[in-house]
Every structure is written in C-alpha cells, then in structure tokens.
Amino acid sequence: MEYQEDYNIEQQEPVKRPEMLTLLCVSSFINAVWNALSNFISFAFYDTFQNMFKQMLEGEGMFEDMAEQMGDNWETMIQASSMAFSIGRGYYFFELALFITSFIGVLMMWRLQKRGFHIYTIAQILMLIVTSIFVTSKVGGFPFGSIIWTVFFVFMYYTHYKRVMR
C-alpha cells in the first residue's frame, strides 16, 4: 500500500477566473476589437477620407450646400476636422497592430496566463508612444486621459497577475 500512495498525484482544482478579471477582460476585448476595426478602416480608406476632406475644405461636391447653410460654423468644423486628417497613414497601421497585440494579451489573461499581462502592458505603453509621436506632435496637447486609463487597467490586471495567473 505504501508503494501506491507514493504515486498518488494531488489533483489541483482548476483556478476560477475572478469576476473582476472577467469584467476587465471583456472591457478590453470590446475596446481592442472596436479600435482595431476603426484603425483598419482608417488605414484602408485613408486616401478616400483625405479626398473627402479636401472637398470639405474647398466646400465642393456634396459639401457645397452644407457649407453655404452653415456659414461661419463650417469654418469652425473644418478647423477641428483638420487635426484628425493631419495624422499620417502609418499611425493607423501601428495602432491596428498594437490593438491586435493587446487583444492577444487579454486573451491570454482570460486563460489566466501570466505572459498575457506582459504582452498587454507592452502594447499599451507602445500605443501611448505611437500616439505621442504621430498625434501629439502635430495636434498638440498631452494624452492625459489615455495615460490614466492605461495605468488604471494595467494596475487592475496586475492585482490579478500575482493572485490567479499562472
């Protein structure tokens, strides 16, 4: 009997994902998919959007009547829109790749794998850097909101990193 007891392997109970981690992952999934899709469309149709903006600027084509009706408000809208259209096409490609990487990291954390935390965190930090290079340098300002949300999510994931991820 002693011999048989030596070979009994203790069965580990499967680790259950905490509800808070589930909520974080679902939120991150939605964010990653939405932004990846948005960046894909912006990248794929970049030239089309640029041509439309050029027509808007000049008040031509389908925008001619709108420009006349809006008057001074049209100029304000054009100035605000010019910031979004001054961003280069490469930005949308990099963001697309980083949101896909972020999704992969979240998927790994969903499966309670520690390396998912590292992949997610690196992708989020690189997103902040890419945004600073492509957007902040041209448009101005500082991405305080993005930094706060990034720190919040990384911190919340980190609390689960130590306790439940393997």
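For clarity, every value in this text was computed on a predicted model and none was experimentally measured. (Residues numbered from 1 in each chain as written. Predicted model: local features only at pLDDT ≥ 70, side-chain atom pairs only at ≥ 80, totals over all residues. Heavy atoms only, no water.)

Trainee: Help me understand the packing of helix α2 (residues 19–44) against helix α6 (residues 89–110) in this model?
Mentor: Helix packing geometry: the angle between the two helix axes and the distance between the axes. One can describe the packing of α2 onto α6 by two numbers: an axis separation of 8 Å at closest approach and a directional angle of 155°. Classed by the angle they form, the pair α2 and α6 counts as roughly antiparallel. In the packing of α2 onto α6, the handedness of the crossing is left-handed. (Axes fitted to C-alpha atoms, helices over the stretch in contact; angles between N-to-C directions. Helix = DSSP H or I, 4+ residues; strand = E, 2+ residues; numbered from the N terminus. Parallel < 35°, antiparallel > 145°, perpendicular 65-115°, else oblique. Left-handed = near helix turned anticlockwise from the far one by under 90°.)

Trainee: Please clarify how the nonpolar core should be interpreted in this entry.
Mentor: Generally speaking, soluble globular proteins have nonpolar side chains that are buried together. In this structure, L21, C25, V106, M109, F117, Y120 and Y157 are the most contacted members of the largest nonpolar core, which totals 16 residues. Elements that contribute at least two residues to this core include exactly α2, α6, α7 (114–139) and α8 (144–163). Sorting elements by how many residues they give to this core places α8 first, with 5 residues. Each residue touching F117, except ones within four places of it in the same chain, is listed here: M109, V154, Y157, Y158, Y161 and M165. Y91, L98, V130 and V135 belong to the second largest nonpolar core, which has 12 residues in total. (Core = buried A, V, L, I, M, F, W, Y, C linked by side-chain atoms within 4.5 Å. Buried < 20%, exposed > 50% of the residue type's maximum accessible area, 1.4 Å probe, protein only. Contact = heavy atoms within 4.5 Å.)

Trainee: It is not clear to me how the packing of aromatic side chains should be interpreted in this structure. Could you clarify?
Mentor: Aromatic ring pairs are defined here through the distance separating the ring centres and the angle between the ring planes. According to the stated counting rule, one finds 16 aromatic pairs in the structure shown. Summarising the aromatic geometry, the rings of Y91 and Y92 are spaced 5.3 Å apart at their centres and angled 75° between planes, so their arrangement reads as edge-to-face. Assigned by exposure class, Y91 and Y92 land together as buried. Considering the side-chain rings of Y91 and F134, the 6.0 Å spacing of their centres and the 50° angle between planes classify their relative orientation as tilted. (Phe/Tyr/Trp six-rings, centres within 6.5 Å; stacked < 30°, edge-to-face > 60°.)

Trainee: Teacher, can you tell me more about the environment of F155 here?
Mentor: By secondary structure assignment, the location of F155 is in helix α8. According to the relative accessible area criterion, F155 is exposed, its value standing at 51%. When the C-alpha atoms of F155 and T121 are compared, they prove to be 9.8 Å apart, with 34 residues separating the residues in sequence.

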